[in-house]
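Observations on the model geometry
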Amino acid sequence: MTIQLRPRHPEKAKKPDSVIPRKPKWIRKKKIESAEYYETRRLMRDNDLSTVCEEAACPNIGECWSKRHATMMIMGEICTRGCSFCNVTTGRPDALDVFEPGRVAQAVKKLGLRHVVITSVDRDDLEDGGAGHIAQTIRAVRHQNPGTTVEVLTPDFLGKGDAAEVVFEAAPDVFNHNLETVPHLYATVRPGARYYTSLRLLDDAKRANPSLFTKSGLMVGLGESMSDVRQVMDDLRAANVDFLTVGQYLQPTPKHHPIDRFWSPEEFEQLEQIARNKGFLGVSATALTRSSFHADEDFAALKEARDRALAESV
């Protein structure tokens, strides 16, 4: 009997292939597979958990897992959106697993994490977009790990009314939602989303809880200009976003959005300086920067930066 495998990206099947350019030397990363790496992988399997590290083919997985850092991806492995840059499977998701929040909390405890990042697929099929499940996961982690800080990287909850308020009320330490790209590229890069809806979500998070750290991320190399990125920075600062990550887009397959160009290390240094001059409390801008890369260290730096700013204002 022949088993028909579900295609990973059915929405991209008819798209023409594009050549994936060779990575420049500053993006190539040596593969790391330590004993800690395999232990982290085993814990994910034993607890039946998905990670964005694997599903999104993150280039930093070896380094992070060797430090026992894994970004949990909840609500399944199948996303209802079909963003042209993303490697996560697209399709019709399975029902939510009510026991998943507890398993995430157990994994955090076993890994000994002092800071955890929890993300998810988009769940447009759910009435609340999965907001309630995210909130339950935050509470479960806090219950089993009272000393652990929690960062969530959420969907946009487009068309779900006030669903995001449920997440805000669960009081994560960091609320992250990535804009991903500049406004004029949304139609081709992030067609299921709306730029100003995402921006408003970040603004709402800060208004709901001014002490909450807010965070957003961008990819470059999709066809944007430096002035485009500067404008997005201004928009994020107008929404009082605290932390910005900027990384190089890497094309997962020939069917995904083509790489426009590779930004140089000098350009990333320039982006970081521009962002700091605009008033972000924290900035990470390198070719291999990703939303959750070094998130524990970034959170500690954020707290120090806020404390320093408050002391200077007295």
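Residues numbered from 1 in each chain as written. Predicted model: local features only at pLDDT ≥ 70, side-chain atom pairs only at ≥ 80, totals over all residues. Heavy atoms only, no water.

1. What about the overall build of the protein chain?
Across its full length, the protein chain carries 11 helices and 10 strands. Taking all 314 residues of the protein chain together, the buried fraction comes to 53%. Nonlocal contacts in the protein chain, meaning residues at least 24 apart in sequence, comprise 78% of its contacts between residues at least 6 apart. Just so you have it, the protein chain exposes about 14900 Å², and 52% of that area is on carbon and sulfur atoms. (Helix = DSSP H or I, 4+ residues; strand = E, 2+ residues; numbered from the N terminus. Buried < 20%, exposed > 50% of the residue type's maximum accessible area, 1.4 Å probe, protein only. Contact = heavy atoms within 4.5 Å. Areas by Shrake-Rupley, 256 points an atom, 1.4 Å probe, with all protein chains shown as cover.)

2. Things to note about the pairing of strand E5 (residues 115-120)
Burial of E5 is extensive: six of the six residues sit out of reach of the surface. Residue alternation in E5 divides its side chains into two sets, His-115, Val-117 and Thr-119 and Val-116, Ile-118 and Ser-120, and both sets are buried. Summarising the sheet, strand E2 (residues 72-74) and E5 pair through three bridges and their orientation is parallel. Bridge pairing in E5 links Met-73 to Thr-119. Note that E5 and strand E6 (residues 149-153) share five bridges and pair parallel. Its bridge partner being in E6, His-115 is matched across the sheet by Thr-149. Remark: the E5/helix H5 (residues 131-144)/E6 crossover connection has right-handed handedness. (Pairing = 2+ DSSP bridges. Right-handed = clockwise from strand over helix to strand, strands pointing away.)

3. Side note on H5
Between the first and last C-alpha of H5 there are 20 Å, a value that for 14 residues agrees with the 20 Å anticipated at 1.5 Å per step. For H5, every residue scored as buried is listed here: Ala-131, Gly-132, His-133, Ile-134, Ala-135, Thr-137, Ile-138, Ala-140 and Val-141. Considering only its buried residues, H5 is in contact with E2, helix H4 (100-111), E5, E6 and helix H6 (164-169). (Expected span 1.5 Å × (residues − 1).)

4. As for the pattern of salt bridges
Per the counting criterion, the structure on display carries 16 salt bridges. With a shortest N-O distance of 3.0 Å, Asp-17 and Lys-255 are connected by a salt bridge. Separated by 238 residues along the polypeptide, Asp-17 in the segment before helix H1 (35-46) and Lys-255 in the loop between strand E9 (243-248) and helix H10 (265-277) bring together distant segments of the chain. When its relative accessible area of 29% is taken as the criterion, Lys-255 is described as partly exposed. When the shortest N-O distance is used, the salt bridge between Asp-204 and Arg-200 registers 2.9 Å. Placement of the pair is Asp-204 and Arg-200 together in helix H8 (residues 195-208), with a separation of four residues, close to one helical turn. Overall, Asp-204 belongs to the partly exposed group, its relative accessible area being 25%. Classification of Arg-200 by relative accessible area gives exposed; the value is 52%. Here the residues in one salt-bridge network are Arg-81, Asp-122, Asp-124 and Asp-156, joined through shared partners. (Salt bridge = Lys/Arg side-chain N within 4 Å of Asp/Glu carboxyl O.)

5. Overview of H4
Here H4 contains 12 residues, and its C-alpha end-to-end distance of 16 Å stays within 8% of the 16 Å for a straight helix at 1.5 Å per residue. Three or more residues of H4 are buried, namely Glu-100, Pro-101, Arg-103, Val-104, Ala-105, Ala-107, Val-108 and Leu-111. Residues of H4 that are buried in the fold lie against H1, E2, E5 and H5. Gly-112 lies just past H4 and shows a positive phi near 70°.

6. Remarks on the packing of aromatic side chains
The geometry of two aromatic rings is summed up by the distance between their centres and the angle between their planes. According to the stated counting rule, one finds four aromatic pairs in the structure shown. Measuring from centroid to centroid gives 5.3 Å for Phe-168 and Phe-175, while their planes differ by 75°, and the two rings are edge-to-face. One exposure class covers both Phe-168 and Phe-175, and it is buried. Measuring from ring centre to ring centre gives 5.6 Å for Tyr-186 and Tyr-195, while their planes differ by 90°; the resulting arrangement is edge-to-face. Residues Tyr-186 and Tyr-195 agree in their burial class; the two are buried. (Phe/Tyr/Trp six-rings, centres within 6.5 Å; stacked < 30°, edge-to-face > 60°.)

7. Observations concerning the packing of H4 against H5
Direction vectors running N to C along H4 and H5 enclose 40°, while the axes themselves pass 8 Å from each other. Here H4 is positioned oblique relative to H5, judged by the angle of their axes. For the pair H4 and H5, the crossing hand works out as right-handed. On H5, the residues touching Glu-100, Pro-101, Gly-102, Val-104, Ala-105, Gln-106, Val-108 and Lys-109 of H4 are His-133, Gln-136, Thr-137, Ala-140, Val-141 and Gln-144. (Axes fitted to C-alpha atoms, helices over the stretch in contact; angles between N-to-C directions. Parallel < 35°, antiparallel > 145°, perpendicular 65-115°, else oblique. Left-handed = near helix turned anticlockwise from the far one by under 90°.)

8. Things to note about unusual backbone geometry
Non-glycine residue Ala-171 carries a positive phi angle of around 55°. Structurally, Ala-171 is set in the loop between H6 and strand E7 (174-176).

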